[in-house]
Amino acid sequence: RMYGKGKGIARSALPYKRTPPTWVKMKSEDVCDHICKLAKKGLTPSQIGVTLRDSFGVPLVNSVTGAKILRILKGNGLAPSLPEDLYFLIKKAV
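Residues numbered from 1 in each chain as written. Predicted model: local features only at pLDDT ≥ 70, side-chain atom pairs only at ≥ 80, totals over all residues. Heavy atoms only, no water.

Asks: Please clarify how the pattern of salt bridges should be interpreted in this entry.
Replies: When the charged atoms of two side chains with opposite charge come close together, those side chains can pair. One pass over the full model with this rule turns up one salt bridge. In this structure, the salt-bridge partner of Arg53 is Asp54, at a minimum N-O distance of 2.8 Å. Here Arg53 falls in the partly exposed class, since its relative accessible area comes to 47%. For Asp54, a relative accessible area of 54% gives the class exposed. (Salt bridge = Lys/Arg side-chain N within 4 Å of Asp/Glu carboxyl O. Buried < 20%, exposed > 50% of the residue type's maximum accessible area, 1.4 Å probe, protein only.)

As structure tokens, this is what we get:
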């Protein structure tokens, strides 16, 4: 804020309501199956979330399934060995 004119701290916030929206038609099992298929293709958890949002209309996996993407992957034994953020830091450094 030292050099800008603005005084605001505007940002978006996640909705407080933890239930999935009424317009989401996918069931929890279907979302988990899609997550596993995309992980087997080699996508990272954040890429899986973007794909589900853009292609299947799932706003938040956590609200639909009750678990985050990485926890679903760990439960199915598909989690990456390195955390995603650490992996990309190492990739940038090398």
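That shown, we press on.
Asks: So what exactly am I meant to see when it comes to the side chain of Thr44 here?
Replies: Examined against the element boundaries, Thr44 turns out to sit in the loop between helix 1 (28-40) and helix 2 (45-56). Leaving out residues up to four positions away in the same chain, Thr44 has contacts with Glu84 and Phe88. (Helix = DSSP H or I, 4+ residues; strand = E, 2+ residues; numbered from the N terminus. Contact = heavy atoms within 4.5 Å.)

Asks: Looking at this structure, how should I read the packing of aromatic side chains?
Replies: Two descriptors summarise a pair of aromatic rings, namely the distance from one centre to the other and the angle between the planes of the rings. All chains considered together, the criterion is met by one aromatic pair. Both rings, one in Tyr87 and one in Phe88, keep their centres 5.2 Å apart while their planes meet at 70 degrees; by these two values the pair is edge-to-face. Across from the ring centre of Tyr16, 6.0 Å away, lies the NZ or CZ of Arg18, which sits over that ring. (Phe/Tyr/Trp six-rings, centres within 6.5 Å; stacked < 30°, edge-to-face > 60°. Lys NZ or Arg CZ within 6 Å of the ring centre and 35° of its normal.)

Asks: Mind showing me how you'd approach the environment of Ser63 here?
Replies: Relative to the assigned elements, Ser63 resides in helix 3 (residues 61-65). Residues Ser63 and Cys32 lie 31 residues apart in sequence; the distance between their C-alpha atoms is 13 Å. For Ser63, the residues in contact, after removing those within four places along its chain, are Arg18, Thr19 and Pro20. A distance of 2.9 Å separates a polar side-chain atom of Ser63 from the backbone oxygen of Leu60. (Polar contact = N/O pair within 3.5 Å; in protein donor to acceptor, adjacent residues only side chain to side chain.)

Asks: Looking at this model, I keep getting lost on the environment of Lys40. Mind explaining?
Replies: Within the secondary structure, Lys40 is located in helix 1. Put simply, Lys40 and Leu78 are 38 residues apart on the chain and 7.5 Å apart in space, counted from C-alpha to C-alpha.

Asks: Explain the packing of helix 1 against helix 2 here, please?
Replies: Packed helices, taken two at a time, are described by the angle between their axes plus the distance between the axes. Contact geometry for helix 1 and helix 2: axes closest at 10 Å, N-to-C directions at 125 degrees. Here helix 1 lies oblique to helix 2, going by the angle between them. In this structure, helix 1 crosses over helix 2, and the sense of that crossing is right-handed. Contacts from Val31, His34, Ile35, Leu38 and Ala39 in helix 1 reach Ile48, Thr51, Leu52 and Phe56 in helix 2. In terms of residue class, the contact of helix 1 with helix 2 is built from seven nonpolar, two polar and no charged. (Axes fitted to C-alpha atoms, helices over the stretch in contact; angles between N-to-C directions. Parallel < 35°, antiparallel > 145°, perpendicular 65-115°, else oblique. Left-handed = near helix turned anticlockwise from the far one by under 90°. Nonpolar A, V, L, I, M, F, W, Y, C, P; charged D, E, K, R; others polar.)

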